Amino acid sequence: MSIEKTLILIKPDAIFRKLTGLVLYRLDNAGFEMIAAKTVSVTEELARKHYEALKDKPFFEELVKFIMGKFHNIPRNRILALIYKGENAIQGVREIVGATNPEDAMPHTIRGSLGKISTKGLFENVVHASGNREDAEREIKLWFNPEEIIE
Ligand code: IDP
Ligand code: MG
């Protein structure tokens, strides 16, 4: 067991569909502690850096547009970026979040109950959550300045 920090992004589909509160409720209920939070208007540069490990995937360009909110009509386009902290937070949050494909995600998970596949075939899977320690460290540095994190 170890105390970890993990990056969560409440994606444009969730902002558009007013799912923010439900996602936060579930994360809070699981006992993790929110130590940073801010709205971000995602630039193309930030989107590309965030997903750089996926740059060779066929859906990469769509993914960049998706996280920038190009597929959702959100006033003052933005997403919500959060850091949660707790015992085994990275794996623990991934379990609450569920599988990448909303149709494969277990019904009790965030993606299983709130996610969908768009008519264009995109995964509207509500949240991003860091996959492992290395990703979490890199993503937290990418999205937050140290002074924005309260520990
Ligand atoms: P994760 O978000 O569960 O960690 P990753 O493999 O890191 O999944 O992929 C990042 C994001 O890329 C996913 O959340 C989803 O939005 C999108 N994605 C992943 N695989 C596919 C796919 O096969 N089709 C369409 N979109 C995908
Ligand atoms: Mg991932």
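What you are looking at is a predicted structure, and each value in this text was computed from that prediction instead of being measured.

Rules used in this analysis
Residues numbered from 1 in each chain as written. Chains lettered and ligands numbered in written order. Predicted model: local features only at pLDDT ≥ 70, side-chain atom pairs only at ≥ 80, totals over all residues. Heavy atoms only, no water. Phe/Tyr/Trp six-rings, centres within 6.5 Å; stacked < 30°, edge-to-face > 60°. Buried < 20%, exposed > 50% of the residue type's maximum accessible area, 1.4 Å probe, protein only. Lys NZ or Arg CZ within 6 Å of the ring centre and 35° of its normal. Near = heavy atom within 4 Å. Polar contact = N/O pair within 3.5 Å; in protein donor to acceptor, adjacent residues only side chain to side chain. 1 Å grid on protein atoms, 1.4 Å probe; cavity = no way out; pocket = protein on both sides within 12 Å on 5 of 7 lines; lining within 4 Å. Sits in = over half its atoms within 2 Å of the grid points. Nonpolar A, V, L, I, M, F, W, Y, C, P; charged D, E, K, R; others polar.

Draft legend 1. How the structure looks around the packing of aromatic side chains. This model, assessed by the stated rule, comprises one aromatic pair. For the pair Phe66 and Phe71, a centre-to-centre distance of 6.4 Å together with 40° between the ring planes defines the contact as tilted. A relative accessible area of 3% places Phe66 in the buried class. Here the basic side chain of Lys38 rests over the ring of Phe144, its NZ or CZ set 4.7 Å away from the ring centre.

Draft legend 2. Expanded view of the site of ligand 1. If you check the shell around ligand 1, you find Lys11, Tyr51, Leu54, Phe59, Leu63, Arg94, Thr100, Arg111, Phe123 and Asn125 and nothing else. Within the contact set of ligand 1, an oxygen atom lies 2.5 Å away from a side-chain nitrogen or oxygen of Thr100. For ligand 1, the cavity whose grid points lie within 2 Å of the majority of its atoms is the largest pocket. A class-by-class count of the residues in the shell around ligand 1 yields five nonpolar, two polar and three charged.

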